[in-house]
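An overview of the molecular structure
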Amino acid sequence: MPPPLLACLLLLCLLATARPWSAAADAPRPAAKPRVFPLRARQVPAGSLPRPPSKLRFHHNVSLTVSLAVGTPPQNVTMVLDTGSELSWLLCAPSRQQGNASAASSFRPRASRTFAAVPCGSAQCSSRDLPAPPSCDGATRRCRVSLSYADGSASDGALATDVFAVGDAPPLRSAFGCMSSAYDSSPDGVATAGLLGMNRGALSFVSQASTRRFSYCISDRDDAGVLLLGHSDLPPFLPLNYTPLYQPALPLPYFDRVAYSVQLLGIRVGGKPLPIPASVLAPDHTGAGQTMVDSGTQFTFLLGDAYSALKAEFLKQTKPVLTALGDPNFAFQEAFDTCFRVPAGRPPPSARLPAVSLLFKGAEMSVAGDRLLYKVPGERRGGDGVWCLTFGNADMVPLTAYVIGHHHQMNLWVEYDLERGRVGLAPVKCDVASERLGLML
């Protein structure tokens with residue numbers, strides 16, 4: 001596991017949809033071959049990205065990113081790939097900065113012949129899927145969108161459209177937020193110019209591109225992950241187990257209907273089932289308590305009762321091999337308080353730790369080894385470093401849902417099948433999958 005929290009992981013250079021996009025796609029078309037792209041390590045600084053109000057304030061400390069070409073002539077941009085967000089956005093450089101180095105990672109709308117602002121009267125400006133619905137600028141009669149920042153400040157911009165080049169498919173005209181606020185680039189010199197919304201909302205990139213299936217494997221190495229967009233009969237070495245997407249029959253106030261929600265049925269620690277009532281793991285009558293698979297969140301969060309049961313059993317089973325921190329006032333990122341002291345310069349005994357398994361209807365996700373503990377940057381207790389369990393207490397955030405983050409999706413093939421309303425899971429070494437898929441597709 002790479003050491004610093006604000007460093008590391010992943011990501012993605014994108015693809016093409018399962019079939020060329022067309023505004024009139026009623027006639028059957030031959031299926032295009034899916035595109036396979038590598039996932040590479042990228043580092044995104046805390047506080048640098050806007051986020052919807054429902055997101056965690058440290059939501060994008062470590063992010064998956066995808067490189068796309070936008071506009072005419074095309075401009076290369078790097079965007080965070082987020083299955084938990086709807087509206088894509090780009091950092092748009094003001095006209096006075098468009099020749100400056102500070103705008104190198106920004107999208108330059110004035111330089112694109114195909115850029116267009118969305119008028120107030122358009123259907124896109126009437127979307128109610130977004131946490132903060134679009135508004136109308138009375139002076140310009142153009143549609144405006146707003147996002148909140150990790151530090152609590154706000155940013156707004158214009159709702160616009162332009163063409164996105166996705167692989168060698170025909171360019172896709174897609175709506176996005178053209179945001180005016182600037183931020184620092186990442187320490188490794190890779191600036192992130194925006195976010196690619198991949199949930200099921202009407203304004204997400206998935207919906208606008210008519211993409212019905214996509215999948216990825218997030219590697220624990222820097223350069224061995226893979227992203228696949230489009231339809232494909234996966235080879236036998238990827239035997240997926242599917243769990244259905246969950247959707248209540250009626251709209252509920254706290255249920256996110258455009259998220260990738262699944263049914264969490266139970267949790268095991270070292271093979272031992274935790275005594276958690278089924279009602280604790282299911283959404284309540286308001287919709288609070290759904291379980292979301294989210295590539296944009298780093299770690300996994302459990303609601304209070306489930307987290308307390310996990311914490312107690314993990315501490316019990318690891319007592320012979322780990323020294324508990326024993327500091328009731330310490331919580332890493334204000335949500336992770338199952339922490340341990342490990343002698344400085346040594347890794348924790350990962351191979352001797354009990355696996356934590358999340359049980360779904362028809363599928364299972366097992367978290368083991370190096371993915372269980374994370375070293376807290378800069379935190380010391382005498383000659384010991386501080387390591388914390390990578391499951392957080394959602395009640396401390398506060399958050400009203402279970403969220404499965406990308407850290408626990410490492411070396412796991414994850415498929416989002418919108419046609420059949422399901423999510424597929426299969427443990428696999430991503431470097432092996434990447435190599436074999438590259439030869440087969």
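What counts, and at which threshold
- Residues numbered from 1 in each chain as written.
- Predicted model: local features only at pLDDT ≥ 70, side-chain atom pairs only at ≥ 80, totals over all residues.
- Heavy atoms only, no water.
- UniProt positions renumbered as here; feature names shortened; annotations may be inferred.
- Helix = DSSP H or I, 4+ residues; strand = E, 2+ residues; numbered from the N terminus.
- Polar contact = N/O pair within 3.5 Å; in protein donor to acceptor, adjacent residues only side chain to side chain.
- Buried < 20%, exposed > 50% of the residue type's maximum accessible area, 1.4 Å probe, protein only.
- Pairing = 2+ DSSP bridges.
- Contact = heavy atoms within 4.5 Å.
- Axes fitted to C-alpha atoms, helices over the stretch in contact; angles between N-to-C directions.
- Expected span 1.5 Å × (residues − 1).

Some points on the UniProt feature "active site" (unreviewed entry) in the protein
Here the UniProt feature "active site" (unreviewed entry) sits at Asp 82 and Asp 294. The largest pairwise C-alpha distance within this set of annotated residues, which runs over 213 residues, is 7.0 Å, so the set is compact in three dimensions. With respect to the secondary-structure elements, Asp 82 resides in strand E5 (residues 75-82). There is a polar contact of 2.8 Å between the side chain of Asp 82 and the backbone nitrogen of Gly 84. Turning to its location among the elements, Asp 294 is positioned in the loop between strand E19 (291-293) and strand E20 (300-302). Under the relative-accessibility criterion, Asp 294 is labelled buried at 5%. Among the polar contacts listed, one links the side chain of Asp 294 to the backbone nitrogen of Gly 296, at a separation of 2.8 Å.

Quick look at the sheet that holds strand E22 (residues 339-343)
Strand order in the open sheet formed by four strands is E21-E22-E26-E25, with antiparallel pairing between adjacent strands. Each of the sheet's edge strands pairs with one partner strand only, and the pair in question is strand E21 (323-324) and strand E25 (373-381). Pairing of E25 with strand E26 (residues 384-389), which is carried by five bridges, proceeds in the antiparallel orientation. Of the residues in E26, the one forming a bridge with Leu 373 is Leu 389. Relative to E22, helix H3 (residues 304-318) is tilted by about 30 degrees, and along the sheet it contacts E21, E22, E25 and E26.

Things to note about H3
Over its 15 residues, H3 extends 21 Å from the first C-alpha to the last, a length consistent with the 21 Å expected when each residue adds 1.5 Å. When H3 is considered as a whole, its buried residues turn out to be Gly 304, Ala 306, Tyr 307, Ala 309, Leu 310, Glu 313, Phe 314 and Thr 318.

Topic: the environment of Ser 127
As for its position among the elements, Ser 127 is in the loop between strand E7 (116-117) and strand E8 (135-137). The class for Ser 127 is buried, based on a relative accessible area of 9%. Beyond its immediate stretch of four places on either side in the chain, Ser 127 contacts Glu 86, Pro 133, Pro 134 and Leu 203.

Thoughts on the pairing of strand E24 (residues 363-367)
Burial of E24 is one-sided: the residues Ala 363, Met 365 and Val 367 facing one way are buried, the residues Glu 364 and Ser 366 facing the other way are not. Two elements, strand E23 (residues 356-360) and E24, share five bridges in a ladder whose sense is antiparallel. Looking across to E24, one finds that Phe 360 is bridged to Ala 363. Hairpin connection between E23 and E24: a loop of two residues separates the two successive antiparallel strands, and Gly 362 in this loop has a positive phi of roughly 90 degrees.

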